[in-house]
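Working through the structure, step by step
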Amino acid sequence: MAQAKISAKANEGAQQQPQQQQQSGGQLRGRFYRSTSMADRSSRLLENLDQLELRVEAFRDAASAMEQEKEILLEMIHNIQNSQDMRHISEGEREELNLTANRLMGRTLTVEVSVETIRNAQQQESLLHATKMIDEIVNKLLDDLEDAKIRLMSLYGACTSDVPAGPIDQKFQSVVIGCAIEDQKKIKRRLETLLRNLENSEKSIMLLEHQKSSVRQSCNSKQD
């Protein structure tokens, strides 16, 4: 009897061992499949984020383009209002055109577009420094127009990769390099706008001087 019980126990143990191994293998296979599934999900999520990053950058670029378009429109309207042609038409026509220009400017200003630039402390300090250097020249425009133009051109030469027509401001260049890329583009655009306005002002002054000269010549001819 004792021998029979021992043999039965041995047979039972032998039957249980393959079952345990089968269960253990199932658990390993289950863990393996679960890990693979997690990796797939992570890969898909990362791919989605990469695609969204491209869309976010495209969105920012589009908003920045709209911001620039607003600046250009306002500048063009302002230039029309202050053009020489506006001074050589009847008062009634000028008033009507100014009303239209003011309406267009008002509609343009109703569009609010703002793209915030992410900056670290050093970039913020560089931006403030660059802005201050430009403002100092702008504040002295009326004192010496020609000198202001030369100085603004030297600042602009420090912002462009093209070969400058004249000397560049090395100090300003080192300051601009410390700015964020988006701020560098905005600084360059501001200088371009200032130089265009100066050029238009010079043309207006030349036209006025020519008119004055013509009037003086006409008066002298009449006196003779």
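Note that the coordinates shown come from a computational prediction; the quantities given were computed from them, not determined experimentally.

Turning to the nonpolar core, a few remarks are in order. Counting 20 residues, the largest nonpolar core has Ile134, Leu152, Leu155, Cys159, Phe172, Ile187 and Leu191 as its most contacted members. Every element with two or more residues in this core is listed here: helix H4 (121-138), helix H5 (145-157), helix H6 (170-177) and helix H7 (181-223). Excluding anything up to four places from it in sequence, Leu191 contacts Ile134, Leu152, Leu155, Tyr156, Cys159 and Phe172.

Next up on the list: the environment of Ile168. The residue Ile168 is located in the loop between H5 and H6 in this model. Residues Ile168 and Ser154, spaced 14 residues apart in sequence, show a C-alpha to C-alpha distance of 4.2 Å. Those residues in contact with Ile168 that sit more than four places away from it in its chain are Ser154, Gly157, Ala158 and Gln173.

Take the side chain of Thr117 next. Among the secondary structure elements, Thr117 is positioned in the loop between helix H3 (91-109) and H4. The exposure class assigned to Thr117 is buried, which follows from its relative accessible area of 11%. Among the polar contacts listed, one links the side chain of Thr117 to the side chain of Glu182, at a separation of 2.9 Å. The contact partners of Thr117, leaving out residues within four places of it in the chain, are Arg60, Ala180, Glu182, Asp183 and Lys186.

Our next topic: H6. Of the positions making up H6, those classed as buried are Phe172, Val175 and Val176. Down the axis of H6, the smallest arc covering the buried residues is 95°, so these residues share one side. Turned more than 90 degrees from where H6 packs its buried face, Gln170 and Ile177 sit exposed.

Here we take up a negative patch on the surface. A cluster of like negative charges, contributed by Glu47, Asp50, Glu53, Glu57 and Asp61, occupies part of the molecular surface. Looking at where Glu47 falls in the secondary structure, it is placed in helix H1 (residues 2-81).

What follows deals with the side chain of Arg189. Assignment of secondary structure puts Arg189 in helix H7. Those residues in contact with Arg189 that lie beyond four places of it in its chain are Gln68 and Glu71.

Before going further, it helps to examine the state of the cysteines. Following the criterion strictly, the structure yields zero disulfides and no others. Sulfur of Cys159: no disulfide; nearest cysteine sulfur belongs to Cys179 and is 8.8 Å away. With a relative accessible area of 19%, Cys159 lands in the buried category. A residue is classified by how much of its surface remains accessible, and Cys179, at 4% relative accessible area, is buried.

This part covers the pattern of salt bridges. Enumeration over the complete set of coordinates arrives at five salt bridges. Arg196 is paired through a salt bridge with Glu75; the nearest N and O atoms lie 2.8 Å apart. Taken as a pair, Arg196 in helix H7 and Glu75 in helix H1 lie far apart in primary sequence, 121 residues in all. Judged by its relative accessible area of 38%, Arg196 is partly exposed. According to the relative accessible area criterion, Glu75 is buried, its value standing at 13%.

Here the focus is the confidence of the model for the chain. For the chain, mean pLDDT is 80; residues scoring 70 or higher make up 73% of the total. Across residues 20-28 the pLDDT falls below 50, and counting only partners more than four positions away or on other chains, this stretch makes zero contacts in the model. Here residues 208-216 is a poorly scored stretch, pLDDT under 50, and it has four contacts once near neighbours within four places are set aside; other chains count.

Interaxial distance between H4 and H6 falls to 8 Å at its minimum, and their mutual angle equals 145°. Once H4 is placed against H6, the crossing between them reads as left-handed. Only Lys171, Phe172 and Val175 of H6 make contact with H4, whose side of the interface consists of Ser126, His129, Ala130, Met133 and Ile134. Grouping the constituent residues of the contact of H4 with H6 by class yields five nonpolar, two polar and one charged.

Rules and cut-offs
Residues numbered from 1 in each chain as written. Predicted model: local features only at pLDDT ≥ 70, side-chain atom pairs only at ≥ 80, totals over all residues. Heavy atoms only, no water. Core = buried A, V, L, I, M, F, W, Y, C linked by side-chain atoms within 4.5 Å. Buried < 20%, exposed > 50% of the residue type's maximum accessible area, 1.4 Å probe, protein only. Helix = DSSP H or I, 4+ residues; strand = E, 2+ residues; numbered from the N terminus. Contact = heavy atoms within 4.5 Å. Polar contact = N/O pair within 3.5 Å; in protein donor to acceptor, adjacent residues only side chain to side chain. Arc of directions from axis to C-beta. Patch = residues over 30% accessible without salt bridge, like charges linked within 9 Å, V, L, I, M, F, W, Y side chains within 5 Å. Areas by Shrake-Rupley, 256 points an atom, 1.4 Å probe, with all protein chains shown as cover. Salt bridge = Lys/Arg side-chain N within 4 Å of Asp/Glu carboxyl O. Lys, Arg positive; Asp, Glu negative; His and termini not counted. Charge placed at Lys NZ, Arg CZ, Asp CG, Glu CD. Disulfide = S-S within 2.5 Å. pLDDT = per-residue confidence, 0-100. Axes fitted to C-alpha atoms, helices over the stretch in contact; angles between N-to-C directions. Left-handed = near helix turned anticlockwise from the far one by under 90°. Nonpolar A, V, L, I, M, F, W, Y, C, P; charged D, E, K, R; others polar.

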